[in-house]
Amino acid sequence: MARRITRIIVIFCLSIVIANIYFIHWWVTVTDVTISPTQSSFFRRQVEYNQEEDQVLQTNKIPKFINTATGSFDEQYKVEHNIKTNQKDKENVGWEFHNDPPLSKEEETNFTSYDRTIQFPISNNESSYNAIEYQLKLEKSLKSNIDGTSSSTWIFFKSWAGLCNQYMMFIGAVILAIKEGHDQIIEESIQWKDTYGQEKYLQHQKLFDIVHWNSFYPQLPRIVQYDKRIHPDIKVRAGQEEIEGKRYSKVAFLQENVTGDPFELAKNPTPLGENRRQTMNQYKMFTKRVDEETSSVVYVPAKVKMGVELIMKSAFRPHPQIQSFIDDFVKGMRTSMKQNSSMERKVGDGFMVLHARVEPDMQNHPMCKDKKVKNITDVIESIYRQYPEPPVSWVVLIFNRKLVEALVTGEKASQMIANKELNESFQDQSIQELTAYNLQVINDCLENGLWNGRVRVKEAGSKYVEEISTDPWYRHYSNIVGGILNFFMAIQSDIFVGTEVSSYSTLVANSRFYRGQRNNYFYRPNGLYWVTPPNATKPHRFVC
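Please read all numbers here as calculations on a predicted model, not as lab measurements.

Colleague: Report on the environment of F253, specifying residues and quantitative values.
Modeller: Along the chain, F253 falls in strand β9 (residues 246–256). Since its relative accessible area comes to 48%, F253 is described here as partly exposed. Here the alpha-carbon distance between F253 and G239, two residues 14 residues apart in the chain, equals 8.6 Å. Among all residues touching F253, those that are not within four sequence positions of it are K235, V236 and R237.

See below:
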């Protein structure tokens, strides 16, 4: 009798164990998350959050910050949501304004008084992107890995100078991350300066396509959002700014959350780039070693080389909204080509981008003087010698109109004083006279065209952004947005003409080299130089 009772108890216990095993297997399959018994309550909370998010993303197909009244992504709505979430002291991941003090009743009232209008405009044309769909993908893409296998880092320094100098520093930071074994970079630490514009630092996610970048993982480190529960060694404080009556989240303030040297003590995440020269030096060392490599001598680790090539070839691209501006611009030119047959004017199809780096700061810059061409007429004549007949229907002229006009009018903005070469040019009469002449020639080209009017000339950049954008944020920061637009439009062009004394021109030419686009020229005092002929095996090394 006792044996039968014992047998029944054993069978019952085994049944419970087997049932639990099947239940655990089913639960893991459904949630796609594994939790070991040793993991803390933090991971359990993260699982609950992921389940809630999956339900929102997969069942309702509505992101957290979709304004149900308008059906559109609404950054103001996002701000209000997070205020309420913080006041209720809930565990929130993603868009939370971490460590912000609670708002007063008056401040909260001010928030709700603003119009809830879409902050990522959708233009009324075929090239528009779906802002809601992209925001869904972005929120999912920015989530940090929680399985404990990833190594996160944050960029310690702040970049400076123009767009492409900052781009070189960014590439240098990625090189450092790859070398040090980091596979995640905190997005809030990647900040871009609107140099000569508003002189403020801006969020990476507002300017560049993170969803696309993260698709290249693990060849490139993912860009992820700060999560205070798994990144305890830094503090991130974000805020808002008002532009034309609309509220926007602004660039975050980051600082270490350790007592002592963060490069010694911070582990999750670890800081990257102890000083701002370090990442620039990483980039310059990379290009130097690539230039010196031969078939028998290899100086660059394969993983680093592959990563940089991916960045230059396709991984680094503008935010879809900025890309839609480019698409609109190019589409306008292509449509015009069809309406006004290029055969009638005996010109080539397509368009050329000319980077006219004749602004006053470059005229006064001491580097590579023997390679400069300061007079825009000399640049144009060198193009005519290379192409006696028009090779294209359109030429897009890239230059910083605001800097040129500031020198001509003598209205020096406060942010221009910080640049030594630019500030000095306001006192140099010869530079002022040449700049005024260059502006006159450029304006004449825009009005009357090139090749005796057979080729039309158009200006893009910040001026175009201010004209086309319905979003106050992009208009407000049109200087850097226009620079990004010009840069990627130049990459898309049929022919590119620039100058080797400019990092901007060099990065455009090298990006095109990696993409197999070989019609790239630098203007020199003795004429055009073909940078990437068919037999070229290496990108051009920037030494100025």
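Okay, back to it.
Colleague: Quick one: what's the story with the sheet that holds strand β7 (residues 222–224), residue by residue and with numbers?
Modeller: Sheet architecture is open: 4 strands sit in the order β7-β4-β3-β10, paired in parallel fashion. The sheet is open, and its two edges are formed by β7 and β10 (270–272), each paired on a single side. On average, each strand axis in the sheet is tilted by 40° relative to the strand beside it, whichever way the strands run.

Colleague: Which residues make up the pairing of strand β16 (residues 527–530), and what values do they have?
Modeller: Bridging between strand β15 (residues 520–524) and β16 involves 4 bridges; their strand directions are antiparallel. Bridge pairing links Y523 to L528 in β16. Taking the residues between adjacent antiparallel strands as the criterion, β15 and β16 are bridged by 2 residues.

Colleague: I'd like a description of helix α15 (residues 401–409), backed by residues and values.
Modeller: Along α15, the positions that sit buried rather than exposed are R401, L403, V404, A406 and L407. At the N-terminal end of α15, a side-chain oxygen is found 3.2 Å from the backbone nitrogen of K402, two or three residues along, and the residue is N400. G410 sits one or two residues past α15 and shows a positive phi near 80°.

Colleague: Residue-level account of the state of the cysteines, with values.
Modeller: Using the criterion set out here, one finds 1 disulfide in the structure. Shown here is the disulfide that connects C368 with C544, its sulfur atoms set 1.9 Å apart. Between C368 and C544, the S-S torsion sits near -110°, and that sign places the bridge as left-handed. Of this pair, C368 sits in the loop between α13 (360–364) and α14 (376–386) while C544 sits in the segment after β16, and the two are 176 residues apart along the sequence. Neither residue differs from the other here; C368 and C544 are each classed as buried.

Colleague: Go over the sheet that holds strand β14 (residues 495–498) with me, naming the residues and quoting the values.
Modeller: One open sheet accounts for 6 strands, arranged β13-β12-β11-β14-β15-β16; its pairing is mixed. At either end of the open sheet lies a strand with only one pairing partner, and these are β13 (456–459) and β16. For this sheet the average axis-to-axis angle between neighbouring strands, irrespective of direction, equals 25°. Direction of pairing for strand β12 (residues 394–398) relative to β13: parallel, over a ladder of 4 bridges. The residue of β13 that forms the bridge with W394 is R456. Most of the contacts of helix α20 (residues 478–492) go to strand β11 (residues 351–355), to which it runs at about 135°, and overall it touches β11, β12 and β14.

Colleague: How would you explain the packing of helix α6 (residues 163–179) against helix α9 (residues 276–292) if you had to name every residue and give the values?
Modeller: One can describe the packing of α6 onto α9 by two numbers: an axis separation of 7 Å at closest approach and a directional angle of 85°. Overall, the two elements α6 and α9 adopt an arrangement that is roughly perpendicular. Here N165, M168, M169, I171, G172, A173, I175, L176 and K179 of α6 lie close against α9, whose contacting residues are R276, Q278, T279, M280, Q282, Y283 and F286. Of the residues contributing to the contact of α6 with α9, the split by class is 9 nonpolar, 5 polar and 2 charged.

Colleague: Before we move on, can you summarise the pattern of salt bridges with the specific residues and values?
Modeller: For the structure on display, the rule yields 17 salt bridges. Across the pair E133 and K137 runs a salt bridge, and its minimum N-O distance is 3.3 Å. Residue E133 and its partner K137 are located together in helix α5 (residues 131–141), separated by 4 residues, close to a single helical turn. On the accessibility criterion, E133 (39% relative accessible area) is partly exposed.

Criteria and thresholds
- The residue numbering used here restarts from 1 in each chain and proceeds along that chain's sequence as written.
- Side-chain atom pairs in this predicted model are given and counted only at pLDDT of 80 or more, local residue features only at pLDDT of at least 70, and totals for whole chains, interfaces and linings cover all residues.
- Calculation of side-chain values draws on the structure's entire complement of heavy atoms; hydrogens and water are dropped beforehand.
- Where helices and strands are cited, they refer to DSSP runs of H or I of at least four residues and of E of at least two residues respectively, numbered from the N terminus.
- Throughout, exposure labels follow a simple rule: accessible area from a 1.4 Å probe, protein chains only, divided by the maximum for the residue type, with under 20% read as buried, over 50% as exposed, and the rest as partly exposed.
- Only heavy atoms matter for contacts: two residues are in contact if any of them lie within 4.5 Å across the pair.
- Note on pairing: two strands pair once DSSP finds at least 2 bridges between them.
- Note on method: axes are straight lines fitted to C-alpha atoms, helices fitted across the in-contact stretch only, with angles between N-to-C directions ranging 0 to 180 degrees.
- Distance and chemistry together define a polar contact, namely a pair of N or O atoms within 3.5 Å, with one atom able to donate a hydrogen and the other to accept it when in protein, and with adjacent residues in sequence counting only for side-chain atoms on both sides.
- Two cysteine sulfur atoms form a disulfide, by the criterion used here, when they sit within 2.5 Å.
- Any angle from 65 to 115 degrees is called roughly perpendicular, while one under 35 is roughly parallel, one over 145 is roughly antiparallel, and all others are oblique.
- Charged residues are taken to be Asp, Glu, Lys and Arg, nonpolar residues to be Ala, Val, Leu, Ile, Met, Phe, Trp, Tyr, Cys and Pro, and polar residues to be all remaining types, Gly included.
- Salt bridge, as used here, is a side-chain nitrogen of Lys or Arg placed within 4 Å of a carboxyl oxygen of Asp or Glu.

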